[in-house]
Amino acid sequence: MSLEIKLKRASKIYHPGEVLKGSLLVETKSDISHTGLFLNLEGLVSMQLSSKSVGIFEAFYNSVKPIPLITVNLEVQKAGKFPAGVTTIPFEFPLKAKSTRPLYDSYHGVFISVQYTLHAELRRGILNKPLLKSLEFIIEGDKVAKSAEQTPIPFTITPQSLENIREIKSVPDFKISGTLERAVCDIEQPLQGTISVDHSAKPIKSIELQLVRVETCGCAEGYAKDATEIQNIQIAEGDVMRGLAIPIHMVFPRLFTCVTTATNNFKIEFEVNIVIVLQDDHLITENFPIKLYRPVK
């Protein structure tokens, strides 16, 4: 026999305040007795510390406990029998937060994840293992008015503008300029801009665009902050023509990004790095913090 969870929306994307509708499908070759069919809806913020942070602050062990956002338990079918064939049982849940916390965006990070999952359990008596099935769906959180901060961000990278340089004399002479369209970004639209190499004393090997997540777990007593790469896009290869405006275009990947979120227990932020790799494998990096939001259409 088999147990399936099917949602009415093929996209599996929902918003706070909507009703989650679907069906449980029980397929069996012959009549079968059971002691109940149960369905559980669970939304959790899960956090874990990186290995470098464990043991630093005892207070962390309380602050990194999972944070429940929504929990609903439902007995779909009381004990009885399922006939041979496929039995379809509809269900629906209102998507409302259980506390003052909102339903945050679904997000799969390295140290923080926000997941919404349906768990179905068909109990088949003491002698048989229960039949289990899980299905994750996506929540896109509350939308906000379009940000007024839409001004382009011009940048110029030179040896003098670099930080964390021990000896500036060891850095070859170069000048790289460009523009990012904005630092406050609509998560549903690509990040765009241009970059050009005005001059470089050494030949260039590659120009890359790196998207970074910055995850912070903790509380008032202390916190652990970790930056990890989400994706790296090569936007130019080889010793590019000087003065040529190279387009920047990057789509924010679903689940691996979410709207910028800050709470008392955790923060999810994002940054963009422009990385220029020289032929001798020296790296020139410029960092741009960005804020992601989801606008009202």
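The rules we used
Residues numbered from 1 in each chain as written. Predicted model: local features only at pLDDT ≥ 70, side-chain atom pairs only at ≥ 80, totals over all residues. Heavy atoms only, no water. Core = buried A, V, L, I, M, F, W, Y, C linked by side-chain atoms within 4.5 Å. Buried < 20%, exposed > 50% of the residue type's maximum accessible area, 1.4 Å probe, protein only. Helix = DSSP H or I, 4+ residues; strand = E, 2+ residues; numbered from the N terminus. Contact = heavy atoms within 4.5 Å. Phe/Tyr/Trp six-rings, centres within 6.5 Å; stacked < 30°, edge-to-face > 60°. Lys NZ or Arg CZ within 6 Å of the ring centre and 35° of its normal. Pairing = 2+ DSSP bridges. Axes fitted to C-alpha atoms, helices over the stretch in contact; angles between N-to-C directions. 1 Å grid on protein atoms, 1.4 Å probe; cavity = no way out; pocket = protein on both sides within 12 Å on 5 of 7 lines; lining within 4 Å. Points joined across faces, edges and corners; volume = space filled by probe spheres on them. Nonpolar A, V, L, I, M, F, W, Y, C, P; charged D, E, K, R; others polar. Salt bridge = Lys/Arg side-chain N within 4 Å of Asp/Glu carboxyl O. Polar contact = N/O pair within 3.5 Å; in protein donor to acceptor, adjacent residues only side chain to side chain.

Visitor: What is the right way to look at the nonpolar core in this model?
Guide: Across soluble globular proteins, nonpolar side chains have a tendency to be buried as a group. By size, the foremost hydrophobic cluster in this structure holds 74 residues, and its most contacted members are Leu118, Phe137 and Ile207. For this core, the element with the most residues is strand β20 (residues 266-278), which contributes seven residues. Ignoring anything within four residues of it in the chain, the contact list for phenylalanine 137 reads Leu7, Lys12, Tyr14, Leu20, Leu41, Leu95, Ser106, Tyr116, Thr117 and Leu118.

Visitor: Sorry if this is basic, but what is going on with the packing of aromatic side chains here?
Guide: The full count for this structure, using the stated rule, is six aromatic pairs. Seen from their ring centres, tyrosine 104 and phenylalanine 266 are 5.5 Å apart, and the 85 degrees between their planes marks the pair as edge-to-face. Taken together, the positions of tyrosine 104 in the loop between β8 (85-94) and β9 (107-108) and phenylalanine 266 in strand β20 put the pair 162 residues apart, joining distant regions of the chain. Feature note: the residues Tyr14, Tyr116 and Phe137 constitute an aromatic cluster, connected by ring pairs. The ring of phenylalanine 38 has arginine 123 lying over it, and the distance from NZ or CZ to the ring centre is 4.0 Å.

Visitor: When you look at the sheet that holds strand β13 (residues 174-180) in this model, what are you seeing that I'm missing?
Guide: What links the strands of a sheet is backbone hydrogen bonding, and the strands pair in either a parallel or an antiparallel sense. Pairing within the open sheet is antiparallel, and its four strands lie in the order β12-β13-β15-β18. The sheet is open, and its two edges are formed by β12 (153-157) and β18 (246-250), each paired on a single side. Adjacent strand axes in the sheet meet at a mean angle of 20 degrees, parallel and antiparallel pairs treated alike. Sheet analysis places strand β15 (residues 191-200) next to β18, joined by five bridges and oriented antiparallel. Within β18, the residue paired with isoleucine 195 across the bridge is isoleucine 246.

Visitor: For this particular structure, what's the right way to read the pairing of strand β11 (residues 131-139)?
Guide: Each regular strand displays side chains that alternate between the two surfaces of the sheet. As paired strands, strand β2 (residues 13-14) and β11 are joined by two bridges and run parallel to one another. Across the sheet, tyrosine 14 pairs through a bridge with isoleucine 139, a residue of β11. In this structure, strand β10 (residues 112-123) lies alongside β11, joined through seven bridges in antiparallel fashion. Bridge assignment links glutamate 121 to a residue of β11, and that residue is leucine 132.

Visitor: Explain the layout of surface pockets here, please?
Guide: In this approach the atoms are scanned with a rolling probe the size of a water molecule, which exposes any empty space left behind. Considering only enclosed or pocket space, the largest pocket measures out at about 340 Å³ in volume. In terms of lining, the largest pocket is formed by 15 residues, of which the most central are Leu162, Glu163, Ile165, Ile284 and Thr285. A total of five residues in the lining of the largest pocket trace back to one element, the largest contributor, which is strand β21 (residues 283-293). Class assignment for the residues of the lining of the largest pocket results in seven nonpolar, six polar and two charged.

Visitor: Would you mind showing me how to read the pattern of salt bridges here?
Guide: Should the charged atoms of two oppositely charged side chains come close, the side chains can pair. Tallied over the full model, the rule gives twelve salt bridges. The partner of glutamate 181 in a salt bridge is arginine 182, with the nearest N and O atoms 3.4 Å apart. Here aspartate 280 ties to lysine 202 by a salt bridge, and the two come within 2.9 Å at their closest N and O atoms. Of the two residues, aspartate 280 sits in the loop between β20 and β21 while lysine 202 sits in the loop between β15 and β16 (204-219), which places them 78 residues apart along the sequence. Relative accessible area serves as the criterion here: at 35%, lysine 202 is assigned to the partly exposed category. One network of salt bridges, in which partners are shared, links Asp105, Glu140, Glu188, Arg254 and Arg294.

Visitor: Can you walk me through empty space enclosed by the protein in this structure?
Guide: Evaluated as defined, the whole model comprises one cavity of 30 Å³ or more. Considering only enclosed or pocket space, the largest cavity measures out at about 40 Å³ in volume. In terms of lining, the largest cavity is formed by Arg182, Cys185, Asp186, Gln189, Pro190, Leu191, Gln192 and Phe252. Contributing elements (two or more residues each) for the lining of the largest cavity: β14 (184-186) and β15.

Visitor: When you look at the side chain of serine 106 in this model, what are you seeing that I'm missing?
Guide: Mapped onto the secondary structure, serine 106 falls in the loop between β8 and β9. Judged by relative accessible area, which is 4%, serine 106 ranks as buried. A distance of 2.8 Å separates a polar atom in the side chain of serine 106 from the backbone nitrogen of isoleucine 139. Apart from the residues within four sequence positions on either side, serine 106 is in contact with Val114, Tyr116, Phe137, Ile138, Ile139, Leu255, Thr257 and Cys258.

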